[in-house]
Amino acid sequence: MTPAAPAGSILSVVAGSRAYGLETGESDVDRRGVFVTPTARFWRLDKPPDHVEGPLPEQFSWEVERFCVLALEGNPAALECLWSPLVELVTPPGERLLAIRRAFLSRRAERAFAGSADRQFRRLRPDDPPRPGGDVRRWKMAMHMIRLLLGASSLARHGEPLVRVGAHRDRLLAVRRGETPWPEVLEWRGRLLAELARLDDRSGSALPDRPDRTAAEEFLIEVRRSAL
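Keep in mind the model is a prediction, meaning the values are calculated, not measured. (Residues numbered from 1 in each chain as written. Predicted model: local features only at pLDDT ≥ 70, side-chain atom pairs only at ≥ 80, totals over all residues. Heavy atoms only, no water.)

Asks: I'd like to hear about the pairing of strand β1 (residues 9–15), residue by residue, with values.
Replies: For β1, a buried count of seven out of seven residues is recorded, marking the element as mostly surrounded by other parts of the structure. Here six bridges tie β1 to strand β2 (residues 30–35), and the two strands are oriented antiparallel to one another. Residue pairing across strands places A15 opposite D30, the latter belonging to β2. Sheet topology places β1 next to strand β5 (residues 87–90); three bridges connect them, and they run antiparallel. Residue pairing across strands places L11 opposite V90, the latter belonging to β5. (Buried < 20%, exposed > 50% of the residue type's maximum accessible area, 1.4 Å probe, protein only. Helix = DSSP H or I, 4+ residues; strand = E, 2+ residues; numbered from the N terminus. Pairing = 2+ DSSP bridges.)

Asks: Describe the packing of helix α2 (residues 64–72) against helix α3 (residues 76–83), and please don't skip the residues or the numbers.
Replies: The axes of two packed helices give the description: the angle between them and the distance between them. At a minimum axis distance of 7 Å, the contact between α2 and α3 shows a crossing angle of 105 degrees. With respect to each other, α2 and α3 are oriented roughly perpendicular. Between α2 and α3, the residues in contact are F67, L70 and A71 and A78, L79, C81 and L82, respectively. Class assignment for the residues of the contact of α2 with α3 results in seven nonpolar, no polar and no charged. (Axes fitted to C-alpha atoms, helices over the stretch in contact; angles between N-to-C directions. Parallel < 35°, antiparallel > 145°, perpendicular 65-115°, else oblique. Contact = heavy atoms within 4.5 Å. Nonpolar A, V, L, I, M, F, W, Y, C, P; charged D, E, K, R; others polar.)

Asks: Just give me the short version of a positive patch on the surface, but keep the residues and values in it.
Replies: Taken together, the side chains of R108, R111, R210 and R213 make up a positively charged region of the molecular surface. Note on placement: R213 falls in helix α9 (residues 213–226). (Patch = residues over 30% accessible without salt bridge, like charges linked within 9 Å, V, L, I, M, F, W, Y side chains within 5 Å. Areas by Shrake-Rupley, 256 points an atom, 1.4 Å probe, with all protein chains shown as cover. Salt bridge = Lys/Arg side-chain N within 4 Å of Asp/Glu carboxyl O. Lys, Arg positive; Asp, Glu negative; His and termini not counted. Charge placed at Lys NZ, Arg CZ, Asp CG, Glu CD.)

Asks: Explain the nonpolar core to me, using residue names and the numbers behind them.
Replies: Looking at soluble globular proteins, one finds that nonpolar side chains tend to be buried together. Within the largest apolar cluster, 57 residues are counted, with the highest numbers of intra-cluster contacts made by F67, L97 and F104. If one sorts the elements of this core by residue count, helix α6 (residues 136–158) sits on top with 12 residues. Every residue in contact with L97, bar those within four places of it in the chain, is listed here: I10, L11, V34, F67, L82, F104 and F219. (Core = buried A, V, L, I, M, F, W, Y, C linked by side-chain atoms within 4.5 Å.)

Asks: Can you lay out the state of the cysteines for me, pointing to particular residues and giving the numbers?
Replies: Tallying each qualifying case throughout the model produces zero disulfides. C68 takes part in no disulfide bond, and the closest cysteine sulfur to it belongs to C81, at a distance of 11 Å. Exposure remark for C81: the relative accessible area of 2% places this residue in the buried category. (Disulfide = S-S within 2.5 Å.)

Asks: Requested: an account of unusual backbone geometry, with residues and values cited.
Replies: Residue G54 is joined to P55 through a cis peptide bond whose omega torsion reads 10 degrees. Tracing the backbone through its elements, the reader meets P55 in the loop between β3 (51–53) and β4 (59–63). Despite not being glycine, E58 has its phi angle at roughly 60 degrees, a positive value. Judged by its relative accessible area of 43%, E58 falls in the partly exposed class.

Asks: So what's going on with the pattern of salt bridges? Residues and values would help.
Replies: All told, the structure shown has 16 salt bridges when counted by the stated rule. Here E80 makes a salt bridge to R147, at a shortest N to O gap of 3.0 Å. In this pair, E80 is assigned in helix α3 and R147 in helix α6, connecting sequence segments 67 residues apart. Among the residues examined, E80 registers a relative accessible area of 9% and is labelled buried. Looking at R147, the relative accessible area reads 7%, which means it is buried. Residue R107 is joined to D209 by a salt bridge in which the shortest nitrogen-to-oxygen separation is 3.9 Å. Remark: D209 occurs in the loop between α8 (182–201) and α9 and R107 occurs in helix α5 (residues 107–123); sequence separation between them is 102 residues. Residue classification places R107 among the buried residues on the basis of a relative accessible area of 15%. Linked by salt bridges that have partners in common, E63, E65 and R224 make up one network.

Any functional reading would require information beyond the geometric quantities listed.
Written as structure tokens, this is what we have:
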């Protein structure tokens, strides 16, 4: 049975820790998706929402135009939605969206992942590091900081984001549990940042400088026409 999804949904995936392969016994089921609003609703003065929450707990969906804008900007949550290995609902328009997912990729995505990691790092208060085995929320943030840098590295080296963390799983979970010494976390972060810098200096990124905005716009026009 397909889980509930917002009206007009074309894509719904499991995101978050379960998609990453980092779930624990307490993990929620996070869902992200894309829906299409009937085109005629945009002809009114009061515009429809560009996102909705629910109907299930921890479920968030973007209207297709807002989703395309975010994905073109390299937004990590939007791009991970397109690469999640756990697809629960996909319609023909959703299949077309998945088919052009590489059109959204560019070096903007690499910078967006690295920028998100940097914001996590600053929120961690690095001058006052979390205590070993304590500060559960901060250790979880540290894990996601590293995960985002691994995603940036995957984009630069392989041309696509890393969702399923695979061989990094055990080490990331050790960070989450507060078992990894803070200097070791900083050393891991530093190596990943250095790798990104080397690829930038050598123009070695596997990504184009700009996303394929034309392909994204053609997809959006096709969807809007079909929703008349």
